[in-house]
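Structural description and commentary
Here's the letter readout for the chains.
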Amino acid sequence: MTAPTISSLRVNGATLHYEVRGRGPLVLLIPGGTGGAASFDGVAEDLAADGYTVVGYDPRGMSRSTLDDPDAEQHVAEHADDALRILDLLSPDEPALVFGASSGAIVALHLLAAHPERIARVVTHEPPVVEVLPDAAEHRALLARVQDTFRTQGLMPAMAVFAAGLKKDGDTTDGDPKDRDTKDRDTTDGDTAEPEPGPGLPPRAAARAEQTMADLPYFVGRIVPGFMSYAPDIRRLERLSDRIVIAGGQDSRGELPYRSAAFLAERLGTELQHFPGGHVGLTTHPAEFGELLRKAFRSQGLRRRTGDPALSPSPGRR
């Protein structure tokens with residue numbers, strides 16, 4: 001594996017760690033959950049070999065991207081502004097291709113809606129935009145239970161409540177490997193199904209597992225409430241729908257993130273694409289996932305007409 005070029009970028013209230021591979025049109029990879037740049041190791045090198053400049057990064061507050069105020073509330077718009085800053089630094093004159101997974105897919109959608117002139121195509125994998133669902137009130141109650149459990153009982157009981165709320169309708173399995181593939185249903189990370197830290201893991205895997213556990217309190221306490229209460233601008237995204245690919249996991253049909261993605265695709269009048277694996281198919285099926293991602297980036301239908309209002313920045317562009 002070719003080592004990436006590692007750099008940092010100062011943004012409002014944080015310092016971002018990012019990694020760059022290859023040369024060519026820019027592809028920005030936005031991780032979700034407790035994922036960081038390393039969660040894209042399984043696809044980034046092949047994308048770079050296809051002639052792209054591939055950039056992955058640790059979102060603010062995760063892993064090597066530090067916050068000035070560790071207790072600061074987290075908002076989708078601020079995370080999208082971080083992504084914009086990376087685009088402006090590395091591809092100031094050309095629109096980029098963007099992939100987002102899970103909570104990172106929410107960031108990607110907001111980035112497109114707010115700054116469509118900077119984006120050529122967005123591929124989103126299971127964005128948990130539960131506010132688009134007709135039963136959104138039930139999921140707001142779930143988020144409230146997660147936060148209450150986190151405050152009163154601690155991290156792992158809160159994660160159990162959260163995981164139960166993401167299951168398929170009627171799924172009552174409790175983690176028995178005979179009943180379900182626990183690796184492909186991991187809910188601690190929108191991109192990677194990390195093993196528990198323990199003896200026998202390769203050093204790189206052990207380090208990532210340790211970092212995942214260290215980031216869990218921030219994920220549950222800051223990312224989950226700030227991101228899963230986000231309501232996308234459906235009307236604006238409808239005007240940009242020819243640049244949006246929405247994907248769901250082949251094995252996660254019926255689970256909450258899949259339902260959100262499917263309903264969003266229906267609202268936007270686009271066909272839901274199916275990628276291999278479940279919510280963390282990027283990790284469990286990296287080769288097949290990467291192949292479909294490259295095809296999605298090459299798909300036609302981009303609207304690039306001069307004067308198209310969808311290509312104009314939204315109010316507030318600095």
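What counts and what doesn't
- Residues numbered from 1 in each chain as written.
- Predicted model: local features only at pLDDT ≥ 70, side-chain atom pairs only at ≥ 80, totals over all residues.
- Heavy atoms only, no water.
- Helix = DSSP H or I, 4+ residues; strand = E, 2+ residues; numbered from the N terminus.
- Buried < 20%, exposed > 50% of the residue type's maximum accessible area, 1.4 Å probe, protein only.
- Contact = heavy atoms within 4.5 Å.
- Areas by Shrake-Rupley, 256 points an atom, 1.4 Å probe, with all protein chains shown as cover.
- Polar contact = N/O pair within 3.5 Å; in protein donor to acceptor, adjacent residues only side chain to side chain.
- 1 Å grid on protein atoms, 1.4 Å probe; cavity = no way out; pocket = protein on both sides within 12 Å on 5 of 7 lines; lining within 4 Å.
- Points joined across faces, edges and corners; volume = space filled by probe spheres on them.
- Nonpolar A, V, L, I, M, F, W, Y, C, P; charged D, E, K, R; others polar.

**Focus: the overall build of the protein**
Each helix and strand counted, the protein has 10 helices and nine strands in total. Out of the 318 residues belonging to the protein, those deemed buried represent 53%. Restricting to contacts in the protein with at least 6 residues of sequence separation, those with at least 24 account for 75%. Split by element, the accessible area of the protein, about 13700 Å² in all, is 50% carbon and sulfur.

**A closer look at the side chain of Glu-19**
Here Glu-19 shows up in strand 2 (residues 14–21). Judged by relative accessible area, Glu-19 falls into the buried class, the value being 7%. One polar contact links Glu-19 to Arg-64, side chain to side chain, over a distance of 3.4 Å. For Glu-19, the residues in contact, after removing those within four places along its chain, are Pro-4, Thr-5, Ile-6, Ala-37, Val-54, Val-55, Gly-56 and Arg-64.

**With respect to empty space enclosed by the protein**
In total, this model carries three cavities of 30 Å³ or more according to the counting rule given. The wall of the second largest cavity is formed by 16 residues, among which Pro-31, Pro-59, His-79, Ser-103 and Phe-227 lie closest to the centre. A per-class count over the lining of the second largest cavity returns nine nonpolar, five polar and two charged.

**Description of unusual backbone geometry**
Residues other than glycine seldom take positive phi values, yet Ser-63 does so here, at roughly 50°. Here Ser-63 is to be found in the loop between strand 4 (53–57) and strand 5 (66–67). Judged by relative accessible area, which is 29%, Ser-63 ranks as partly exposed. If you check the backbone angles, Glu-126 has positive phi at about 50° while not being a glycine. Examined against the element boundaries, Glu-126 turns out to sit in the loop between strand 7 (119–125) and helix 4 (136–152). Classification of Glu-126 by relative accessible area gives buried; the value is 0%.

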